[in-house]
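# Secondary and tertiary structure notes
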Number of protein chains: 2
Amino acid sequence: MDHSGADFLQLRPAAAPAKGLTSWLTDAVRTAISDGRLGAGARLPATRLLADELGVSRGVVVEAYRRLADEGLVSARTGVGTVVTPPGPAGRAAAGLATPAVDAVGPLLPLARSAELDLSPGVPDLAAFPRAAWLRAERAVLTRTGAADLGYGDPRGLPWLRAELAARLARVRGVRADPDDIIVVAGVAQSLALLAHLLHRRGTVAIAVEEPGSRGARDELVHWGLTPTPVPVDGLGLRVDELARTGLDTVLLTPAHQFPTGVVMAPRRRRELLDWAADGLVIEDDYDAEYRYDRAPVPAIQASAPDRVAYTGSVSKTLAPGMRLGWLIPPRDLHADLVAAKHASDLGSPALPQLVLAQLIASGELDRHIRLVRTRHRARRDALLAGLARHLPAVEVQGAAAGLHLLITFADDLDDTDLADRIRAAGVRVHPLSWHRQRPGPPGLVLGYAAHSPGQLHEAARRIGEVVRR
Amino acid sequence: MDHSGADFLQLRPAAAPAKGLTSWLTDAVRTAISDGRLGAGARLPATRLLADELGVSRGVVVEAYRRLADEGLVSARTGVGTVVTPPGPAGRAAAGLATPAVDAVGPLLPLARSAELDLSPGVPDLAAFPRAAWLRAERAVLTRTGAADLGYGDPRGLPWLRAELAARLARVRGVRADPDDIIVVAGVAQSLALLAHLLHRRGTVAIAVEEPGSRGARDELVHWGLTPTPVPVDGLGLRVDELARTGLDTVLLTPAHQFPTGVVMAPRRRRELLDWAADGLVIEDDYDAEYRYDRAPVPAIQASAPDRVAYTGSVSKTLAPGMRLGWLIPPRDLHADLVAAKHASDLGSPALPQLVLAQLIASGELDRHIRLVRTRHRARRDALLAGLARHLPAVEVQGAAAGLHLLITFADDLDDTDLADRIRAAGVRVHPLSWHRQRPGPPGLVLGYAAHSPGQLHEAARRIGEVVRR
């Protein structure tokens, strides 16, 4: 791999502090190595070339390369130039500050190899994270927030954020909640933990889940003592008749964009679910409802039955999963116990990110950002669809109307785990559908498209097609 | 209360964005109202006077006051000027953005009334939170961090932060840990939650705790299914002979500065505890060990028995409790299960604050900040000690050598809960010692001094003395 230097890492020296160009360049290259953009063996641009392109003195580049060499991250090879050192215990240890990329949906998965195309679902376009807007908002809140906001706070979260969330969720998702009904949590994962532990303590032993459905959620429920009971999903969403047949009184589901099939729950099924919910509890995971490409998203189920639905969502798909910031809006009869559980778990979520999110909502920056990435995500979805149409014309594509991933299924009776392994050997990481199943079913692959450029997605489709046709 | 305007709220218009002076002023006054610096009935400076003092046009001040009036936060009174509206459902609802002060150690306590002197223990000098350094560090990490750091990460926390923590804790606390041994958590509260739930699942039913000891910790253990069994603390620390007599194999304690007595565990007791730990597990809550005023703190117990101690601490007392950021370093045989528990609880702690903390440690800013606040805290402790010596010469003072609080005990057989109520009626909030007891014992008051100026602490001592002598 050779970098001409013209757009090497999209470096912008204007972003560097006036007196710290060398450190800035060193850090930028170190980060690119640690997050896999520069893989082992990648050649860095010649110092003179890069200096010219950046408009900095050549000494800056020479010194940056020297520091990286001291850290064991790069080495000079005669006749080749400066190349990235293969990772290894020695190289990593010497790097010290390097923060290796970890990019699995479930962090307990093995790490993706650098330089492969990782189409694991669930990760948005992280390169689009609004760093400038976030920093602006943080400066604003740090300038004016009172010291009391930094103390031990309300375990439900800061009142300002809960007020902003109540208004925003009412507007974009039809959610019916007062600010006092909302519990700010560390993402949907914490909502499930709090709910599952509470239900378990109240004597619940099993909970209905979608089949196929999120493996991460299922594993989490098991950790907290609940047995996930599979209920099939078809082209209209969860089979509510089958749900009724389980005799269970609690279900976890993703009606706006089912994971992993991508099915949007049909109006008829929603009505059936609401009837069922008269005697049951619905846990509504609204994980990526902001991304609907064909028309406005249908409101949350919670909007129709706030007394029977525990609604949860997060900024993982709109800002970044690493924020660990979300919300739980339970029915009122569970509220006090869940607040006590949140308090006993961590006393409450961190204050500063809550203030920053409130500021981003209040200023309109969050909506602006979502509009921007929705457009980008749609273009990426279209690129993947076009690539699949060209390289895999025979497969059926599902779930493209919304979200950050789609599902392809195969008519043949193939082993999708084996297929995913072979695709990974060709440099593309995807989830086999069976990974998200408890029972046997038709084979498929779950493809996340949000984190890659159209060109990368075309390439991924090409490689997948090659493996499938082999 | 009248404000001359000269130093009204310490406003610095230079901090305002060039084109947003009105919003800046509105926000600053709103924040002061919401955090209690401006209580109900407080009179705002005359618009002309404040405009002159700030060097802004009078229209800016008039417009800011108008917006605050629209929000129901202030109102104009004939002949008096603009005054802060008493809080009430209507006023608060209209305010919308207001974030009322919450300042209890245990957030489920009732709120402190504004304008009272709150000497609840456990809160550092929040006004000293290093806002500028935090923002600088955040800018630095946002500029250079890779997108992968914002994705789903390692549930143990970011490698860079774990490396910085391992080095720092070794240096300042003697802690023996590799970066891979550390689990980044949402404060000591989460460490206790993870440990308690795991121990409960492994069949533990009871755990030894200090008597007196933290009520918040005790309540949390109960939530997670463990029964806290009291073991007395005397002037040398936990009575290890009594611990052995319980027959339990797990103990939670605060050896560096016992909460609430302030006792530093004596060398002899430490040796006894290490002997006991050969067959038991020690949970070492090192919550405020950074603040030792007479000499360098003794190392953590963990330094002597890393295989038998689960060590935990946080930035709650060095930066702010609202950060919700801490660390857990368990014995290796508990490590994997605790990582799985952290993953099942919230997938991992938020990425950005971890990066910022790593940057603050790496740059030396955290140590600089701790040195600064240690000096301030010592001056505050001295002021409280002087006030107590003058106004309560008969009481015994304990625990002044370290930490952010001290304990006064009384020879008489009085009811300290009743005493604390009467002191609160005189405008000072303190914890009665019995609040942190499970068994009857001598009466006392726990006084936190970090969050108040020397003048306020003198005044608090005067009021307490007046009530005690009554």
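Anything mentioned here points back to the structure above.
Here's what I pulled together on the structure shown here. Values in this document were obtained by computation on a predicted structure and should not be read as measured data.

Before going further, it helps to examine the overall build of chain A. Per the secondary structure count, chain A includes 15 helices and 16 strands. Expressed as a percentage of the 470 residues in chain A, the buried residues total 60%. If you sum the accessible surface of chain A, you get close to 17,700 Å²; carbon and sulfur atoms cover 53% of it.

With an RMSD of 0.5 Å, chain B superimposes on chain A once it is rotated by 179° and translated 0.2 Å along the axis. Considering both components of the superposition, the chain copies are consistent with a two-fold axis. Looking at the interface residues of chain B, 97% of them are also at the interface in chain A, so both copies use one shared face.

Here we come to the pairing of strand 13 (residues 405-409) of chain A. Residue and element names in this part refer to chain A. Of all 5 residues in strand 13, 5 are buried, a share of seventy percent or more. Burial along strand 13 is two-sided: H405, L407 and T409 and L406 and I408, pointing in opposite directions, are all buried. Two strands pair when backbone bridges link them, and strand 12 (residues 396-398) and strand 13 are joined in this way by 3 bridges, in the antiparallel orientation. For Q398, the partnering residue across the bridge sits in strand 13 and is L407. From the end of strand 12 to the start of strand 13, which pair antiparallel, there are 6 residues, and G399 there has a positive phi angle of about 80°.

Residue and element names in this part refer to chain A. What the rule picks out here adds up to 58 salt bridges over all chains. Here D125 makes a salt bridge to R376, at a shortest N to O gap of 2.5 Å. Of the two residues, D125 is situated in the loop between strand 3 (117-118) and helix 5 (131-144) and R376 in helix 13 (residues 365-391); the sequence distance between them amounts to 251 residues. Given the relative accessible area of 32%, R376 is considered partly exposed. One salt bridge connects D125 with R380, and the closest N-O pair in it is separated by 3.5 Å. Of this pair, D125 sits in the loop between strand 3 and helix 5 while R380 sits in helix 13, placing them 255 residues apart in sequence.

Before going further, it helps to spend a moment on the pairing of strand 8 (residues 250-253) of chain A. Residues and elements named next belong to chain A. Residues T250 and L252 of strand 8 are buried on one face, and the alternating residues V251 and L253, pointing to the opposite face, are buried as well. Sheet topology places strand 5 (residues 206-211) next to strand 8; 2 bridges connect them, and they run parallel. Looking across to strand 8, one finds that V209 is bridged to L252. Where strand 8 meets strand 9 (residues 281-285), 4 bridges bridge the pair, whose relative direction is parallel. Looking at strand 9, one finds that L252 is bridged to I283. Read from strand 8 through helix 10 (residues 267-277) to strand 9, the crossover connection turns out right-handed.

Turning our eyes to something else, we now look at the packing of aromatic side chains. One pass over the full model with this rule turns up 5 aromatic pairs over all chains. On the numbers, 6.1 Å between centres and 45° between planes, the contact of A:W224 with B:W224 is tilted. With one member in each of two chains, A:W224 in the loop between helix 8 (215-223) and strand 6 (227-234) and B:W224 in the loop between helix 8 (215-223) and strand 6 (227-234) form a pair that bridges those chains. With respect to class, A:W224 is no different from B:W224; both count as buried. An angle of 45° between the planes, with centres 5.8 Å apart, marks the rings of B:F129 and B:W134 as tilted. The exposure class of B:F129 is buried, given its relative accessible area of 4%.

All names here are of chain A. Taken in spatial order, the 4 strands of this open sheet run 12-13-16-15, and their pairing is antiparallel. One side of each edge strand has no neighbouring strand; the edge strands of this open sheet are strand 12 and strand 15 (431-432). Against the sheet, helix 13 touches strand 12, strand 13 and strand 16 (444-448), its axis set at about 15° to strand 13. In this fold helix 14 (residues 416-425) packs onto strand 15 and strand 16, with an angle of close to 45° to the strand it touches most, strand 16.

Turning our eyes to something else, we now look at the environment of B:A451. Residues and elements named next belong to chain B. Relative to the helices and strands, A451 resides in the loop between strand 16 (444-448) and helix 15 (454-469). With 332 residues separating them in the primary sequence, A451 and L119 have C-alpha atoms 7.7 Å apart. The contacts of A451, once residues within four sequence positions are left out, are V123, P124, D125 and R380.

Moving on: helix 5 (residues 131-144) of chain B. Under the 1.5 Å per step criterion, the end-to-end length of helix 5 of chain B is 20 Å for 14 residues, consistent within 8% with the ideal 20 Å. Among the residues of helix 5 of chain B, B:R131, B:A133, B:W134, B:L135, B:A137, B:E138, B:V141, B:L142 and B:R144 are the ones counted as buried.

All right, on to the side chain of B:T145 then. Inspection of the secondary structure puts B:T145 in the loop between helix 5 and helix 6 (159-173). Within polar-contact distance, the side chain of B:T145 engages the side chain of B:D149 at 2.7 Å.

Residues and elements named next belong to chain B. Here we have 8 strands laid out as an open sheet, ordered 4-11-10-9-8-5-6-7, and mixed in their pairing. Sheet topology places strand 4 (183-185) and strand 7 (237-238) at the edges, where each strand pairs with a single neighbour. One ladder, built from 4 bridges, connects strand 10 (residues 309-314) with strand 11 (residues 326-329); its direction is antiparallel. Its bridge partner lying in strand 11, T312 is registered against L328. Of the strands in this sheet, strand 4, strand 9 (281-285) and strand 11 are in contact with helix 11 (residues 332-346), which crosses strand 4 at around 35°.

Next up on the list: the interface of chain B and chain A. Taken together, the contact between chain B and chain A spans 73 residues of the former and 74 residues of the latter. For the pairing of chain B and chain A, the buried interface totals around 6,500 Å² over both sides, and the portion due to carbon and sulfur atoms is 65%. For the chain B face of the interface with chain A, the top three residues by lost area are B:R131, B:Y152 and B:H223, together amounting to 13%. On inspection of chain B and its partner chain A, the count reaches 18 residue pairs in polar contact (both at pLDDT 80 or more). When contributions to the side of chain B that touches chain A are tallied by element, the ones reaching two or more residues are helix 1 (21-34), helix 5, helix 6, helix 7 (188-201), helix 8, helix 11 and helix 12 (351-362) of chain B. Element by element, the count of residues in the side of chain B that touches chain A is highest for helix 5 of chain B, at 8 residues.

Residues and elements named next belong to chain B. Looking at where D288 falls in the secondary structure, it is placed in the loop between strand 9 and strand 10. In this structure D288 is buried but unpaired, with K317 as the nearest side chain of opposite charge at 7.2 Å. Among all residues touching D288, those that are not within four sequence positions of it are H257, K317, G403 and L404.

Our focus in this paragraph is the packing of helix 7 (residues 188-201) of chain A against helix 8 of chain A. Residues and elements named next belong to chain A. Direction vectors running N to C along helix 7 and helix 8 enclose 30°, while the axes themselves pass 9 Å from each other. Every pair of crossing elements has a handedness; the one defined by helix 7 and helix 8 is right-handed. On helix 8, the residues that touch A189, Q190, L192, A193 and A196 of helix 7 are A217, E220 and L221. Residues of the contact of helix 7 with helix 8, tallied by class, amount to 6 nonpolar, 1 polar and 1 charged.

Rules and cut-offs
- Residues numbered from 1 in each chain as written.
- Chains lettered and ligands numbered in written order.
- Predicted model: local features only at pLDDT ≥ 70, side-chain atom pairs only at ≥ 80, totals over all residues.
- Heavy atoms only, no water.
- Helix = DSSP H or I, 4+ residues; strand = E, 2+ residues; numbered from the N terminus.
- Buried < 20%, exposed > 50% of the residue type's maximum accessible area, 1.4 Å probe, protein only.
- Areas by Shrake-Rupley, 256 points an atom, 1.4 Å probe, with all protein chains shown as cover.
- Least-squares fit on C-alpha atoms with pLDDT ≥ 70 in both.
- Contact = heavy atoms within 4.5 Å.
- Pairing = 2+ DSSP bridges.
- Salt bridge = Lys/Arg side-chain N within 4 Å of Asp/Glu carboxyl O.
- Right-handed = clockwise from strand over helix to strand, strands pointing away.
- Phe/Tyr/Trp six-rings, centres within 6.5 Å; stacked < 30°, edge-to-face > 60°.
- Axes fitted to C-alpha atoms, helices over the stretch in contact; angles between N-to-C directions.
- Expected span 1.5 Å × (residues − 1).
- Polar contact = N/O pair within 3.5 Å; in protein donor to acceptor, adjacent residues only side chain to side chain.
- Buried area = accessible area lost by both parts, 1.4 Å probe.
- Lys, Arg positive; Asp, Glu negative; His and termini not counted.
- Left-handed = near helix turned anticlockwise from the far one by under 90°.
- Nonpolar A, V, L, I, M, F, W, Y, C, P; charged D, E, K, R; others polar.

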